[in-house]
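Remarks on the overall topology
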Amino acid sequence: MNDTVRESLSALMDGEASELELRRILSADEKAIRTEWADLHRSQELLKNESNPFIGWDISSRVMAEIADDELVNSGGTGWKQAVSGLAIAASVAAVVVIGSMGGNMFGGSPQMVAENNGVSGRVYPAQASAAVGGVAVSAQAQASPAGPLLNNDAEARKRFEAYLRKHTDRAAFNNGQGMVSYARVVSQESE
Amino acid sequence: MLVRLASTALAAVLVSAPAASIESGSELLNRMTHSHRELNYRAIVTYQLGEQLSSYRITHTVHDGKEFEALESLDGDHQDLVHHGHDINCVHPGPQLIRLFNAEEEQGFYRYYDVDIVGEDRVAGRDAVTLSIKPRDVYRLGYKLSLDNETGLLLRSDIVNQQGKVLERFQYAMLDLNIPDDELLVDGAIEVEHKDVSLDNPATTQLRVWRPDWIPAGFTPLKDTDDGSAAISYTDGLAVMSVFVEPLVTADSGAVAVTEGGMRRGASVSYTVAFPDNGMFATVVGEVPMLTAKQVSKSLSWDQR
């Protein structure tokens, strides 16, 4: 991290960062920024003779993990979601309402998959609603799933997953402390 | 009345407390990892995945120093799996990771999980002790395990995600420890293969030109990988994940359509990433959080040749 960024960070801490400085911080190396930010706080507290029990905590990785998990669960249909929002921008409000209300069931497989997809339709509505009134569909789409889509409905990928899971279980059963029971994961899948 | 109830409860606690404190969490875990291989037993096990419940009969015997196992599905299509002739002395890295260390020293396995005895339970008509195993980082799942007091057998296992939600549950409904050791001379069922391939074999190490640049701390590669070129597995003692690599284009099936993304079923997830520059795609499968599968699959790199 260079001195300019460091100065910007210091300014941000004093609540005096300009917009330019803020942008500079946001585009700098994430990890270095986090360390520096923690260091700055630590030295300030030393100066002020305060102590903070949370000082060593960096919950960012945990938060990111939760976001990644959440978005995976909610992102069953990024592809068609994008298509849908395209329609919305073209002001086909009616089409949005029809497709939107068909929601997850349209692409659902087994009952379990449908349950997972319900999260999708729940998320789609707000984005479409704002698009319909000429709002921010694009930015709403931009947050969709950096973790990638869940491919549970892709038959090819599913077949591959089953084959891999079988091979994986051959190794896992000897090492996860559960033994033969682990094969229930494979067998229950094949009999679905 | 209340007083009497309270005093009986207190007496029960006093009587049972020493029994629980004899073994620490790490001793219990250690017992769990080998008891299921050493005993003769037959059990009915249920496996629950969300709303779906299935049951299995599992039989395990040790005959002449070899393990014989069978898993038989009791509902839906008839499916049998047998696994036989596995040397009981064959050591696998997973149990070893638990055996070699103990909780007090905070080493190995115990650096990555907090293991606590949370109480007593009754599973399949047997007294059990319940362990809570919490991951210390975001790269593994949590476990709630109930182990048989007498034998250490795992009678119930909940795998929970980082948010505390139960992803899948195994639970014994019946356990019979009095079965003859020649019970399992089954024929006609699918054999579960287990090949021992040493990692030192130059032929296989030469074939594998890829590796993940990142795996979570505490995961160790398994040596019993059947084919060194196409897959490698890692374990931290409880969680196991495998990395599979395949060509994007094959002679017999042409180009494979690969979309980057994840799959989830119970505690098992997979994440697939294509590496077009190398003409390959990689899939990480395991009982780990999606974040772990994704980061490992994305970290794959190939040797420069």
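Keep in mind that what you see is a predicted model, and the values were worked out from it rather than measured.

Re the overall build of chain A
- A count of helices and strands for chain A gives ten helices and zero strands.
- Listing each helix as α and each strand as β along chain A from the N terminus yields α-α-α-α-α-α-α-α-α-α.
- Sorting the 192 residues of chain A into buried and exposed places 30% on the buried side.
- Of the contacts made within chain A by residues no fewer than 6 positions apart, 56% connect residues no fewer than 24 positions apart.

What about the environment of Leu131 of chain B?
All names here are of chain B.
- Its location among the elements puts Leu131 in strand β6 (residues 126–135).
- On the basis of neighbour count, Leu131 is assigned to the buried category, with 22 C-beta atoms found within 10 Å.
- On a C-alpha basis, the gap between Leu131 and Leu147 in space is 7.9 Å, while along the polypeptide they are 16 residues apart.
- Residues in contact with Leu131, not counting those within four places in the same chain, are Gly25, Leu28, Leu29, Val115, Asp116, Ile117, Val118, Leu145 and Leu147.

Points about the confidence of the model for chain A
Residues and elements named next belong to chain A.
- Counting all residues, the mean pLDDT for chain A is 62, and 48% of those residues have values of 70 or more.
- When the elements of chain A are averaged for pLDDT, helix α8 (residues 137–142) gives the smallest value, 32, and helix α9 (residues 155–172) the largest, 86.
- When the criterion is pLDDT under 50, residues 74–79 qualifies, and its contacts beyond four places in sequence or with other chains add up to 19 contacts.
- Counting contacts from residues 90–147, a segment whose pLDDT is below 50, to residues more than four positions away or on other chains yields 77 contacts.

Some words on the nonpolar core
- In this structure, Ala184 of chain A together with Val45, Leu71, Leu147 and Met241 of chain B are the most contacted members of the largest nonpolar core, which totals 81 residues.
- Those residues in contact with Leu71 of chain B, other than ones at most four positions away along the chain, are Met180, Tyr183, Ala184 and Val187 of chain A together with Tyr56, Ile58 and Leu81 of chain B.

A few points about the environment of Lys134 of chain B
All names here are of chain B.
- Note on placement: Lys134 falls in strand β6.
- Expressed as a C-alpha distance, the spacing of Lys134 and Tyr113, which sit 21 residues apart in the sequence, is 5.3 Å.
- When near neighbours in sequence (up to four residues on either side) are disregarded, Lys134 contacts Tyr113, Asp114 and Gly142.

Section: α9 of chain A
- The terminal C-alpha atoms of α9 of chain A lie 25 Å apart, and with 18 residues this matches the ideal 26 Å at 1.5 Å per residue to within 8%.
- Those residues of α9 of chain A not exposed but buried are Ala157, Arg160, Phe161, Tyr164, Leu165, Lys167, His168, Thr169, Asp170, Arg171 and Ala172 of chain A.

As for the pairing of strand β3 (residues 66–73) of chain B
Residues and elements named next belong to chain B.
- Counting buried positions along β3 yields six of eight residues, so the element is predominantly enclosed.
- Relative to β3, strand β2 (residues 52–63) runs antiparallel, the two sharing eight bridges. Looking across to β3, one finds that Thr59 is bridged to Ala70.
- The loop that links β2 with its antiparallel partner β3 comprises two residues; one of these, Asp64, has a positive phi angle of about 55°.

Remarks on the interface of chain A and chain B
- Contacts between the two partners involve 43 residues from chain A, matched on the other side by 63 residues from chain B.
- With twelve residues, the single largest contributor to the side of chain A that touches chain B is α9 of chain A.
- Its residues assigned to classes, the side of chain A that touches chain B comprises 18 nonpolar, 13 polar and twelve charged.

So, the packing of helix α1 (residues 3–13) of chain A against helix α3 (residues 30–48) of chain A
Residue and element names in this part refer to chain A.
- One can describe the packing of α1 onto α3 by two numbers: an axis separation of 11 Å at closest approach and a directional angle of 50°. Looking at the two axes, α1 sits oblique to α3. By crossing handedness, the relation of α1 to α3 is classed as right-handed. Here Arg6, Leu9, Ser10 and Met13 of α1 come into contact with α3, specifically with Ile33, Glu36, Trp37 and Leu40.

Notes on the packing of α1 of chain A against helix α2 (residues 19–27) of chain A
Residues and elements named next belong to chain A.
- Viewed as axis vectors pointing N to C, α1 and α2 meet at an angle of 120°, and their least axial separation amounts to 9 Å. Seen along the crossing, α1 lies across α2 with a hand that is left-handed. Two secondary-structure elements touch here, α1 through Thr4, Val5, Ser8, Leu9, Ala11 and Leu12 and α2 through Glu21, Leu22, Arg24 and Ile25.

Some details on the sheet that holds strand β12 (residues 220–221) of chain B
Residues and elements named next belong to chain B.
- Pairing within the open sheet is antiparallel, and its six strands lie in the order β12-β13-β14-β19-β18-β17. For this open sheet the edge positions go to β12 and β17 (261–265), each flanked by a neighbour on one side alone.
- Pairing of β17 with strand β18 (residues 268–275) involves five bridges; the strand directions are antiparallel. What sits directly across from Gly262, in β18, is Tyr271.

Here's the deal with unusual backbone geometry
Residues and elements named next belong to chain B.
- Phi at Ala124 takes a positive value of approximately 55°, unusual for a residue other than glycine.
- Examined against the element boundaries, Ala124 turns out to sit in the loop between β5 (113–123) and β6.
- On the neighbour-count criterion, Ala124 (19 C-beta atoms within 10 Å) is partly exposed.

Reading guide: rules and limits
- Residues numbered from 1 in each chain as written.
- Chains lettered and ligands numbered in written order.
- Predicted model: local features only at pLDDT ≥ 70, side-chain atom pairs only at ≥ 80, totals over all residues.
- Helix = DSSP H or I, 4+ residues; strand = E, 2+ residues; numbered from the N terminus.
- Buried ≥ 20, exposed ≤ 12 C-beta atoms within 10 Å, placed from the backbone.
- Contact = placed C-beta atoms within 7 Å.
- pLDDT = per-residue confidence, 0-100.
- Core = buried A, V, L, I, M, F, W, Y, C linked by C-beta atoms within 7 Å.
- Expected span 1.5 Å × (residues − 1).
- Pairing = 2+ DSSP bridges.
- Nonpolar A, V, L, I, M, F, W, Y, C, P; charged D, E, K, R; others polar.
- Axes fitted to C-alpha atoms, helices over the stretch in contact; angles between N-to-C directions.
- Parallel < 35°, antiparallel > 145°, perpendicular 65-115°, else oblique.
- Left-handed = near helix turned anticlockwise from the far one by under 90°.

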